[in-house]
Structures are given as C-alpha cells and as structure tokens.
Amino acid sequence: MKVKTILVSQPEPKIENSPYFDLSEKQKVKIDFRPFIHVEGVPSKEIRQQKIDLTNYTAIILTSRNAVDHFFRVAEEMRFKVPDSMKYFCQSEAVAFYLQKYVVYRKRKIYVGKRNFIDLSPLIKKYKGETFLLPTTDKLKPSVPETLNGLGVNWKEAVFYKTVISDLSDLENVTYDILVFFSPSGIDSLFKNFPKFKQNNTRIAVFGNTTIKAVEAKGLRVDIAAPTPETPSMTMALQKYIDKANKGK
C-alpha cells in the first residue's frame, strides 16, 4: 500500500532544514507532528520531600536538555544561587551547548561525554571526590544508576521532571498510513488514549530496540525499524520504505 500520510509522535522540528521536511517535499507525503508524551516539572516542594538540599552538591550530572531546564528552574524556586564553582557533567555536546542558556560557558567547569552515558564514566571517576546530583525524569534508564554505583562515587538521584501522557482525543477519527514512535512511552500513550487501537493497514515505524519490544508486547507489527547499518536515522528508514511502497506512483 502506498504512503501518503505520516504522523511523527514528537514535536515539530524547529529547524528549517529538518530531514523530515526534505522527505515530505521529495516524496510528496504529508507529515504531521504531535507529541504523544510531554514533560512536566516536579514542584520544588516535592523535591524537598525527596530530601534534596542543593547546597550539598558540588557537581551536577546532566543527561538531557530537560534536565538542564528543570535543574535551573528548581534552583530558582528554591532561591539557590548556583555557585561559580559548580561542576557540570554533560552527557553530550548538545546538552553542554544548551547549558549556555543558563551559564557563561567559558567561566564554568564543564565536562562533556561523547553521546552515551557510559562515555561520561571516565570523567566522573576522575572527579570522584565531588558530591554528584543527578536531576532526572521518573523514566530513568536502569543503566544510569548502575553505571554510577559501579564507579563508587557519592551521588544522589532526584526526580525533577516527569513524563506525562498527552491528550490525543482529537485524533480519534484521524488515520495515518504510518505512525512513528521513538520510545515505549509513546506506545503507552497510544493505548492510554485509544485502548481499542487496531493496527490494520497502518504501518508502524520505531526507533530503538526498547521501542520495538514495547510495540511487539502490544501485539502490533513493526514495519519500519531504525537504526540499522543501512538506515541509521528514522528519516532514512522512512525514505527507503516509501521508495519501495510508492513505486510506480
């Protein structure tokens, strides 16, 4: 079956040269964006109930831009002036770059991993005398605390923000040829909003092994999977599938 419409379960890209826009134009397909989940900050009162006193920490571990936003939000709510001596350990260059929204980059002690959390390990181990705070989501990957415990450092996890299912009721009578998912939370949202969802002719595209497992656990069929050596990005996987499905259009 040919592909004419795609729903991506994420916010619309803010950059003009997004590969999704190129894909839409090249293949003449309609691509809509809709976050199936969103993030909500945990009030500072609840963070205090987690026995968190920001003055006790000398280093912050930041795994995402959400972690950056919510750390500084909570600091402001608690009227905590983040000292210039605070060390920041960022999971990736993208997170470190985003940190510039809140601090003067060249005047701070910022340590950057390559991409995965495990890449930060040597840097954290090098500064094991610090007291680390990990401001995180309620959906933290188990590998993160496992890695930190393995390093033998003094650290504490605190939930600063939560992943919440979005209301998709307005999509009840709308159908798409392809639904695109990037996390198990997106699948949870699909069934929370539409408990009687039936896949039928809808193709499902997924990114990552944990998302594939979540789709299959619901008895659904994975039609498009990324990343693979041939298609390392979702847009490349969609491109390859549409090329084949729309042949002879």
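Refer to the structure printed above.
Reading the values: rules and limits
- Residues numbered from 1 in each chain as written.
- Predicted model: local features only at pLDDT ≥ 70, side-chain atom pairs only at ≥ 80, totals over all residues.
- Heavy atoms only, no water.
- Helix = DSSP H or I, 4+ residues; strand = E, 2+ residues; numbered from the N terminus.
- Buried < 20%, exposed > 50% of the residue type's maximum accessible area, 1.4 Å probe, protein only.
- Pairing = 2+ DSSP bridges.
- Right-handed = clockwise from strand over helix to strand, strands pointing away.
- Axes fitted to C-alpha atoms, helices over the stretch in contact; angles between N-to-C directions.
- Contact = heavy atoms within 4.5 Å.

## Here we look at the environment of alanine 217
Point 1. Mapping alanine 217 onto the fold places it in helix H8 (residues 209-217).
Point 2. Alanine 217 gets classed as exposed once you look at its relative accessible area, which sits at 68%.
Point 3. As a C-alpha pair, alanine 217 and methionine 234 span 17 residues in sequence and 21 Å in three-dimensional space.

## Focus: the pairing of strand E5 (residues 87-90)
Point 1. Here E5 shows a buried face lined by Lys87 and Phe89 and a second buried face lined by Tyr88 and Cys90.
Point 2. With four bridges joining them, strand E4 (residues 59-62) and E5 adopt parallel strand pairing. Bridge pairing in E5 places leucine 62 opposite cysteine 90.
Point 3. This β-α-β element, E4 to helix H3 (residues 65-77) to E5, shows right-handed connectivity.
Point 4. Note: E5 against strand E6 (residues 109-112), four bridges, orientation parallel. Bridging from a neighbouring strand, cysteine 90 pairs with valine 112 of E6.

## Structural notes on the sheet that holds strand E7 (residues 131-137)
Point 1. Pairing is mixed across the open sheet formed by six strands, whose spatial order is E3-E8-E7-E4-E5-E6. Bordering the open sheet on either side are strand E3 (37-41) and E6, each of which pairs with just one other strand. For this sheet, the mean inter-axis angle between neighbouring strands, taken without regard to orientation, is 25°.
Point 2. With five bridges connecting them, E3 and strand E8 (residues 154-165) associate as antiparallel partners. Paired with valine 39 across the bridge in E8 is threonine 163.
Point 3. Across the sheet, H3 touches E3, E4, E5, E7 and E8, and the angle it forms with E8 is around 105°.
Point 4. Helix-sheet contacts for helix H7 (residues 184-193) involve E3 and E8, and the interaxial angle to E8 is about 35°.

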